[in-house]
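# Structure assessment
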Amino acid sequence: MVPVRNTKVVESVDDDDLIQLAYPLAIKPWFGSLAEKVGLWDKRPMIKHLELDEMGTFVWRAINGENSVRQIAAIFVAHYEVQPREAELSVTAFIKTIGQRGMIGLK
Amino acid sequence: MVEYIWNGVGLTTPDAWEPSALERDGFLLEDQGQPVCELKWSTVQGSFNFKKHIKRLVKEHKGVDMQGVSEAETPNVWAKAVARLSESGIILHSFVWKTQVHRGLGAVMHNPATGLAALVQFFITSPADEVVAAETLSTLRDYSGGKSVPWAMFGLSGRLPAAFKLETFSFRPGHYTIKFWRAKSAKQAGKLPAGKGPGTSLVFQRFAPASVLLKGTELDQWLRDMLDPTPHESVPMESSEAGVAWAGIATKSMLRSLLRREVHVKGQAWRTDTGNAILVVTATGNIPVTGEAFNDMCESYEFV
């Protein structure tokens, strides 16, 4: 499985070289129409922000549309010298989390 | 080859095998997501009835064609491995099983010298697996009878006095913890659960990656902030090139002193040269561990 970044995610880098991501929030249609009716939403996309730590930044940079999850875990092992199994678990959990937020897709 | 030693029992396996399930008295090994070997054990008092245990196995696995067999009925390499292991005093009885999809080869074992009773089985998919299974079987070791007991799991190893018994453990990404407990006396160890009553708790921890955890902070400060339980503030920490060490009485009062309920703490933490990790060993309890014994345990704690 190869993770691919959502093109609508906007990336910025802070002074510590850590990445901050801004991504549009997926709104459930029933909630959107309800919020619109009561005047709580003007149909503009809601943007959420996510600050990544050093390891999150590292993994995000490794997501280039070519590296598979397994390859990213291997790159993580080579860089941080952790054990392959724990790298696989960590990277998979991170990819699952950002995938649930719609920041990446898997191909 | 990798040696896994857990709670007194060791097995050397091919490099690709890794634990997928770990319990106090057993583990399951997988190779690329497929189960290859299961080992379970317990300690029994007195004699051990092999026939009874194999019968129970057969009864518990209805739908599986399982039967105890003599060594002559097993593959030649397996019979040789059984013979080699028998030389160490361990008594083995082999069994085979098969389903429509899988087949397996295993043995029920008993070491009369220590009371260890174990069951090991290998999942066989080809004749080549029988050779690997036999080679692995012959590496089984019972360390439970020694004065000190080694352990080796997930790339870490250590050695500690046999009086310390495995209490709890967790291997989460970034943080491994293995806790041992030594009761004040063997009599109390049998009566009270681990961690209760007078005794000493010994904890081995590994934090990783150290390069991230220690960014912008010193090891002693990181320990004060992050270690659980936090080293008591009244116990001074000594930092050196080798790492950080602390020893003292964490909780002291006249009453505790009179009742001999003072809590003695010892700890050592260091950043490893390889593996980008922080290793921490702590001993806490009202029965102090001698400096020499504690140093020996710390020296034995390393990456495999």
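Scroll up for the structure.
All figures in this text were calculated on a predicted structure; none of them were measured in a lab. (Residues numbered from 1 in each chain as written. Chains lettered and ligands numbered in written order. Predicted model: local features only at pLDDT ≥ 70, side-chain atom pairs only at ≥ 80, totals over all residues. Heavy atoms only, no water.)

## Focus on the layout of surface pockets
Residues and elements named next belong to chain B.
- Taken as a whole, the largest pocket holds about 770 Å³ of empty space.
- Taken together, 34 residues make up the lining of the largest pocket; nearest its centre are Asn-7, Ala-162, Phe-164, Lys-165 and Leu-166.
- Those elements giving two or more residues to the lining of the largest pocket turn out to be strand E5 (34–43), strand E11 (148–153), strand E12 (156–161), strand E13 (165–172), strand E14 (175–183) and helix H4 (186–191).
- Class assignment for the residues of the lining of the largest pocket results in 21 nonpolar, eight polar and five charged.
- Of the residues that make up the lining of the largest pocket, three or more belong to each of domain 1 (2–142) and domain 2 (154–303). (1 Å grid on protein atoms, 1.4 Å probe; cavity = no way out; pocket = protein on both sides within 12 Å on 5 of 7 lines; lining within 4 Å. Points joined across faces, edges and corners; volume = space filled by probe spheres on them. Helix = DSSP H or I, 4+ residues; strand = E, 2+ residues; numbered from the N terminus. Nonpolar A, V, L, I, M, F, W, Y, C, P; charged D, E, K, R; others polar. Domains from an automatic or database assignment.)

## A short note on the side chain of Asp-142 of chain B
Residues and elements named next belong to chain B.
- Relative to the elements of secondary structure, Asp-142 occurs in strand E10 (residues 141–142).
- With no salt bridge to any partner, buried Asp-142 finds its closest opposite charge in Lys-165, at an N-O distance of 10 Å.
- In this structure the side chain of Asp-142 is engaged in a polar contact, spanning 2.4 Å, whose partner is the side chain of Thr-114.
- With near-sequence residues (within four places) excluded, Asp-142 lies in contact with Gly-8, Asn-111, Thr-114 and Leu-116. (Buried < 20%, exposed > 50% of the residue type's maximum accessible area, 1.4 Å probe, protein only. Lys, Arg positive; Asp, Glu negative; His and termini not counted. Salt bridge = Lys/Arg side-chain N within 4 Å of Asp/Glu carboxyl O. Polar contact = N/O pair within 3.5 Å; in protein donor to acceptor, adjacent residues only side chain to side chain. Contact = heavy atoms within 4.5 Å.)

## Remarks on the pattern of salt bridges
- Inspection of the entire model under this criterion finds seven salt bridges over all chains.
- Ionic pairing is found between Arg-5 of chain A and Glu-11 of chain A, a salt bridge with its closest N-O pair at 3.0 Å.
- What makes Arg-5 of chain A partly exposed here is its relative accessible area of 30%.
- Two residues, Glu-86 of chain A and Arg-206 of chain B, come together in a salt bridge whose shortest N-O distance is 2.7 Å. Of this pair, Glu-86 of chain A sits in helix H4 (residues 84–100) while Arg-206 of chain B sits in strand E15 (residues 199–207), on two different chains. In this pair, the class of Glu-86 of chain A matches that of Arg-206 of chain B, namely buried.

## Considerations on empty space enclosed by the protein
Residues and elements named next belong to chain B.
- For the coordinates displayed, the defined rule picks out one cavity of 30 Å³ or more.
- Counted as a void, the largest cavity has a volume near 50 Å³.
- Lining the largest cavity are Thr-200, His-264, Val-265, Lys-266, Ala-283, Thr-284, Gly-285, Ile-287, Pro-288 and Val-289.
- Elements with a contribution of two residues or more to the lining of the largest cavity: strand E18 (263–271) and strand E19 (278–285).

## A word on the sheet that holds strand E8 (residues 103–111) of chain B
All names here are of chain B.
- Across the sheet, seven strands lie side by side as E3-E4-E5-E9-E8-E7-E6; this open sheet has antiparallel pairing. Because the sheet does not close on itself, it has two edges, and the strands there are strand E3 (18–23) and strand E6 (65–69). The mean inter-strand angle of the sheet, taken between neighbouring strand axes irrespective of direction, is 15°.
- Where E5 and strand E9 (residues 116–124) come together, seven bridges link them in antiparallel fashion. Paired with Ser-42 across the two strands is Ala-117, which belongs to E9.
- Its contacts with the sheet place helix H2 (residues 76–86) against strand E7 (91–98), E8 and E9, and it is angled at close to 155° to E7.
- On the sheet, helix H3 (residues 127–137) packs against E7, E8 and E9 and is oriented at approximately 160° with respect to E9. (Pairing = 2+ DSSP bridges. Axes fitted to C-alpha atoms, helices over the stretch in contact; angles between N-to-C directions.)

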